[in-house]
Amino acid sequence: MSFFKKHDGEQEIHTTECGGAEDVAAVMKKYDKESNVRIWEGRPKQVVRYLMAAFAVYSIAVTLFGRGLREERLANFLAMIVIIGYLNYPASKHHSRVNHIPWYDIVIMLAGAFGFIYFSLNAKEILMLATKVTRDPFMVAIAIISILSLMELCRRAVGIPILIVVGALLVYTFSNVRFGKVIYDLFYTTSGVMNTPIDVCAKYIVVFIIFGAFLERTGIANFFINLANSIAGASAGGPAKVAVISSALCGMVSGSSVGNTVTTGSVTIPMMKKTGYKGDFAGAVEAAASTGGQIMPPIMGAAAFLMAEYMGISYGEVALRAILPAVLYFAGIYIAVHLEAKKLGLKGIPKDELPDKKKLFKKAYLLLPLVVLVVLVSTNTRTMQFSAAVAIGVTIVVGLINKDDRITFTKFIDALEAGGKGTITVAVACAMAGIVAGCITSTGLASKLITTIVSVSGGHQIIALFLTMLCCIVLGMGVPTTANYCIMAATCAPILISPEIGINLIAAHFFVFYFGIVADITPPVALAAYAGSAIAKAPPMKTAINATRLAIAAFIVPYIFAFSPAMLFVDTNVFEIIIICISAVIGITGVAAGLSGFLHTKMSNIIRIVSVAGGLTLLIPGIVTDTIGIILLVSVYLIQKKKAAANVLIS
C-alpha cells in the first residue's frame, strides 16, 4: 500500500540518469505487486474508475455512520474488495490486455463475492445456527470458495510470501482440528477472515488511505523533497541526507517500503550518485530510510491503528511511544551518511540549485491537513475515522488554495479512485492475517511456540528475544506492513509477553513490529533494498547488506526498549527521558562511526570495535553503562582527533 499513488496505479516518477520513467515503472512492477494492474481504456476505464470512487465514498459513510452487526458490515466490505480487486489485478503481469478480463476471473470474482453477500443478507439466521451451519454442504461450499477467492486475490495483489505462511498454517490446522469447525471459525465467526485486522481496516485504515490519496494531490510529496533539500541539501553528501529526511517525511503518510523507495528514490538516488556515492550505497540509503518510514508516526504504515487495538491503548498513545525509537532510527542513518560523506570528501548540492526557501515557506500550508489530523487524534477530540474525514475536508480546501497544483473535480475523483485501489491490498492482507490468527487460535499454536522458545532459551530473556527476532524477520519477508504486524502480534508477541519471558506488553508489540518491518531490507528477501538497487543499477545483495548496516539502529533499539521500556515512555519521567535521548544519540553515533570506520579520520579495527562497544553500552539505559560508554567514546574521539591533527601536519 502506498499513499503516494497516481490514479493510474503508478508512482509519480522522474526521468533520471539511473533510469527513465519506463525503467522506474518496471521496478515497481517487479517489486511492488500493486503496480501489476489491468489496463482499462475508454468507457470501461470510466466504469471501473467510478466504481472504485463509489466504494471509497461508501467506506467513508459506513465507517462514520454505519450501524448493525459487525459480520454484516465486514461481509459487505469484503464482497466489494473481491469485486474491485479482480477488476484491477490480472492473474499475472503477462495477462494485461487492454479492456480484457478473462471469463474465469469473472467467475472467481462473482463466486467469491456471492459468498460474502449471502452471509451478509442472512447473517442473523446463520449466526443463530452456530456450528450447525457447516452441516449444510452449500454453506460449506460458499465459505471455501470465498476464502479461496481472497487467497487468489492476495497472490495477485500482495504476493506469495504471506500465502506460504497462510497455507502452512491451514495444512497444520486441518490436520489437527475438525474440518467443519475450521470452516466455521474462519468464515462464519469474527475469529477468522473477519478478525480484528479486517475490522480495523474497514473502520479506520480505509479512511486514512483515502486521506493519503487526497493529500498526494496537493503536491505534498514534492514539498517534502524540496523541504529536505532546503534543510540538508547544501551540507556534505547532501543528497543522501535529503533521501533520509524526505523518506522520513513521506513515510509519515506512506504505507509501503517499496513505494516509498521508488517515490523519493527516483529523485534522490541519481542525486546521490552524481554527488559521488556508489550505486549500492545510494540505493541502500534510500531503502533503509524508506523502510524506516513504516515506523514513523503518525501513520506507521497504518499499523498504528492495529497496534492500538491489540494493545488496548489509544492511537495517540501508540504514536507518542513510537517517536523516540523512530528518531533514533533516522538519526543512525543520517549520521552514517554524514560520516560516509566525510570519508569520501563529498560536497553538497550547489546553493543556486536548491529550492527557494521563501517560496517553500509560502507552501507550508500544505502541512495543515497533517497538523489537523495529529491534533484531533492526539487530543481524543473525535474518533480516529472522524478525524481522518475532517483531515480529508481540510486537504480539499488546501488543494483549492494551492494554485500551482489546484485540486479539480477530476483530481477529486482520482483521489477517491486511488483510495479505493489502495484499500484492496491492505484489506486482502488483513484478511489473510485474520486467517493466520484464526488458525493459531484454533490449534493453540501460540502456546506451543511459547513452550518451544522458552525451552530453547532456558528462560533467558536475551536468547528468547533473539529467537523471536529471527522468527519475525522470516515471517515478515515480503509481507505488507499492516499484515506484517498482525502476523507478529498473533505469533511472536505472545511469546515475549508470557510470564516465562516477562517482557512489557507495549515493548513486546513494538519489538515484533520493528523486526517484522526490517525484513524489507534484510537479505535474502529485501524487497525495498532490491527496488533501490534497481533504480541505482547496483548489485542487489550488496545494496541489501549496506541497507542492513545503515539501519543498524533498528536491530539494536528494540532490544533496548525490551529491557528498559522507558525509551517508549513507559514508567518514566521527563528527566529520565532527556538522559535516555542524549545517551542514545551519542550511542548511535558511536555505533555508526565504528561500522563506517571513520570519525575524524580512518579508524583501525581495534578503535572500530571500541567505538561500537561504547555506543552499545550507551544505548543501554543505566548510570553504569552510560559511564562506561562515555569513557570509551571520549577515548575514541580524542585518539581520532589526535590522529587527524597528525595527518594534517604530515600533509
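Calculation notes
- Residues numbered from 1 in each chain as written.
- Predicted model: local features only at pLDDT ≥ 70, side-chain atom pairs only at ≥ 80, totals over all residues.
- Heavy atoms only, no water.
- Axes fitted to C-alpha atoms, helices over the stretch in contact; angles between N-to-C directions.
- Helix = DSSP H or I, 4+ residues; strand = E, 2+ residues; numbered from the N terminus.
- Left-handed = near helix turned anticlockwise from the far one by under 90°.
- Contact = heavy atoms within 4.5 Å.
- Nonpolar A, V, L, I, M, F, W, Y, C, P; charged D, E, K, R; others polar.
- Buried < 20%, exposed > 50% of the residue type's maximum accessible area, 1.4 Å probe, protein only.
- Polar contact = N/O pair within 3.5 Å; in protein donor to acceptor, adjacent residues only side chain to side chain.
- Core = buried A, V, L, I, M, F, W, Y, C linked by side-chain atoms within 4.5 Å.
- Salt bridge = Lys/Arg side-chain N within 4 Å of Asp/Glu carboxyl O.

Residues and numbers for the packing of helix H12 (residues 257–275) against helix H26 (residues 527–536), please.
Between H12 and H26, whose axes approach to 9 Å, the crossing angle comes to 35°. Along this stretch, H12 crosses H26, giving a crossing that reads as right-handed. Contacts between H12 and H26 involve Ser257, Val258, Thr261, Val262, Gly265, Ser266, Ile269 and Lys273 from the former and Leu527, Ala528, Ala531, Gly532, Ile535 and Ala536 from the latter. Classifying every residue of the contact of H12 with H26 gives eight nonpolar, five polar and one charged.

Requested: an account of the environment of serine 447, with residues and values cited.
Position of serine 447 among the secondary structure elements: in helix H21 (residues 445–457). Taking relative accessible area as the criterion, serine 447 reaches 43% and is therefore assigned partly exposed. On a C-alpha basis, the gap between serine 447 and alanine 243 in space is 43 Å, while along the polypeptide they are 204 residues apart. In this structure the side chain of serine 447 is engaged in a polar contact, spanning 2.7 Å, whose partner is the backbone oxygen of glycine 444.

Go over unusual backbone geometry with me, naming the residues and quoting the values.
Within the chain, asparagine 99 stands out as a residue other than glycine whose phi angle is a positive 50°. Turning to its location among the elements, asparagine 99 is positioned in the loop between helix H3 (70–88) and helix H4 (103–121). Residue classification places asparagine 99 among the partly exposed positions, given a relative accessible area of 35%.

With reference to specific residues and values, describe the nonpolar core.
Ranked by internal contacts, the top residues of the largest apolar core, which has 226 residues, are Tyr188, Phe305, Met432, Phe510 and Phe511. For this core, the element with the highest residue contribution is helix H20 (residues 409–443), accounting for 18 residues. Once residues within four sequence positions are removed from consideration, phenylalanine 511 is found in contact with Leu465, Thr468, Met469, Leu496, Pro558, Tyr559, Phe561 and Ala562.

Account for the environment of phenylalanine 510, with residues named and values stated.
Tracing the sequence through the fold places phenylalanine 510 in helix H25 (residues 505–517). For phenylalanine 510, a relative accessible area of 0% puts it in the buried group. Residues phenylalanine 510 and isoleucine 295, spaced 215 residues apart in sequence, show a C-alpha to C-alpha distance of 9.4 Å. Sequence-distant contacts of phenylalanine 510, defined by excluding residues within four places in its chain, comprise Met300, Met307, Met311, Val318, Arg321, Ala322, Phe561 and Leu568.

Outline the pattern of salt bridges, listing residues and values.
Here the structure, examined in full by the defined rule, presents twelve salt bridges. Between lysine 181 and aspartate 185 there is a salt bridge, with its nearest N and O atoms 2.7 Å apart. Here aspartate 185 and lysine 181 lie together in helix H8 (residues 179–187), a separation of four residues that amounts to about one turn. The salt bridge involving aspartate 199 is made with lysine 203; its shortest N-O contact spans 4.0 Å. Taken together, the residues aspartate 199 and lysine 203, both in helix H9 (residues 196–216) and four residues apart, mark about one turn of the helix.

Bear in mind that shape data such as this cannot, by itself, settle questions of function.
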